[in-house]
Amino acid sequence: MDSDVLGSDVSKLSRGIRNIREVVRLNQAVGLVESSQKICESLNSFMQMAEEEIIRIQALESVALSLVKEITEYFHGIPAKEEAHPFRIFMAVRDFLTNLDWVCKEVGMINE
């Protein structure tokens, strides 16, 4: 999954939770019947769990991006700049490992 898509989806979910919270608040302000109160209680419970999960996902996303920056700094030897495609470093590592594998196979064939 693309990190930009994940970030966008998490933001959309967060906005949706805020919208649900507003609906629940308006329904509680109107003073609903008992069955509607049960629905509001269920929604409040759901929103609490959803907000906790969104916060957890955002924290994990932040950790993942900081680790990618660390890896980029390690391979480039300079502090990573904010770039449009922070995961590009993994393509470079993949290409390097592909070339290393090819060279190892060539050396193995020469030694036979």
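In this text, all values refer to a predicted model and were calculated from it rather than measured experimentally. Residue positions are given per chain, counting from 1 as you read along its sequence in written order. For a predicted model such as this one, the threshold for reporting local features is a pLDDT of at least 70, and the threshold for listing and counting side-chain atom pairs is 80 or more; totals across whole chains, interfaces and linings nevertheless cover every residue. Computation of side-chain values: all heavy atoms of the structure, hydrogens and water removed.

**Digging into the overall build of the chain**
Secondary structure summary: the chain contains three helices and zero strands in total. A helix here means a DSSP run of H or I that spans at least four residues, while a strand means a run of E at least two residues long, and both kinds are numbered starting from the N terminus. Sequence-ordered secondary structure for the chain, helices as α and strands as β, is α-α-α. When checking whether two residues touch, look at their non-hydrogen atoms; a contact exists if any pair is within 4.5 Å. If you take every contact in the chain between residues at least 6 apart in sequence, the share linking residues at least 24 apart comes to 36%. Calculation of accessible area relied on Shrake-Rupley with a 1.4 Å probe; when residues are assessed, cover is drawn exclusively from the protein chains displayed. For the chain, the exposed area adds up to about 9,000 Å²; of that, 62% sits on carbon and sulfur atoms.

**A look at a nonpolar patch on the surface**
Within the patch definition used here, like charges are joined within 9 Å and nonpolar side chains (Val, Leu, Ile, Met, Phe, Trp, Tyr) within 5 Å, considering only residues with over 30% relative accessible area and no salt bridge. Each reported salt bridge corresponds to a side-chain nitrogen of Lys or Arg within 4 Å of a carboxyl oxygen of Asp or Glu. A contiguous nonpolar surface patch, about 520 Å² in accessible area, is contributed by Ile71, Tyr74, Phe75, Phe87 and Phe90. In terms of residue count, helix α2 (residues 34-76) provides more of the nonpolar patch than any other element does, three residues in total. Here Phe90 lies in helix α3 (residues 88-111). Note on Phe90: relative accessible area 38%, which makes it partly exposed. Exposure is judged per residue with a 1.4 Å probe applied to protein chains only, and the accessible area is read against the type maximum: over 50% gives exposed, under 20% gives buried, and values in between give partly exposed.

**What to know about the nonpolar core**
Listed in full, the seven residues of the largest apolar core are Val10, Ile17, Val24, Cys40, Met47, Ala50 and Ile54. Mapped onto this core, the elements with two or more residues apiece are α1 (3-30) and α2. Top contributing element to this core by residue count: α2, with four residues. Apart from the residues within four sequence positions on either side, Met47 is in contact with Ile17, Ile20, Arg21 and Val24. Nonpolar cores were defined as sets of buried Ala, Val, Leu, Ile, Met, Phe, Trp, Tyr and Cys residues, with membership established by side-chain atoms within 4.5 Å.

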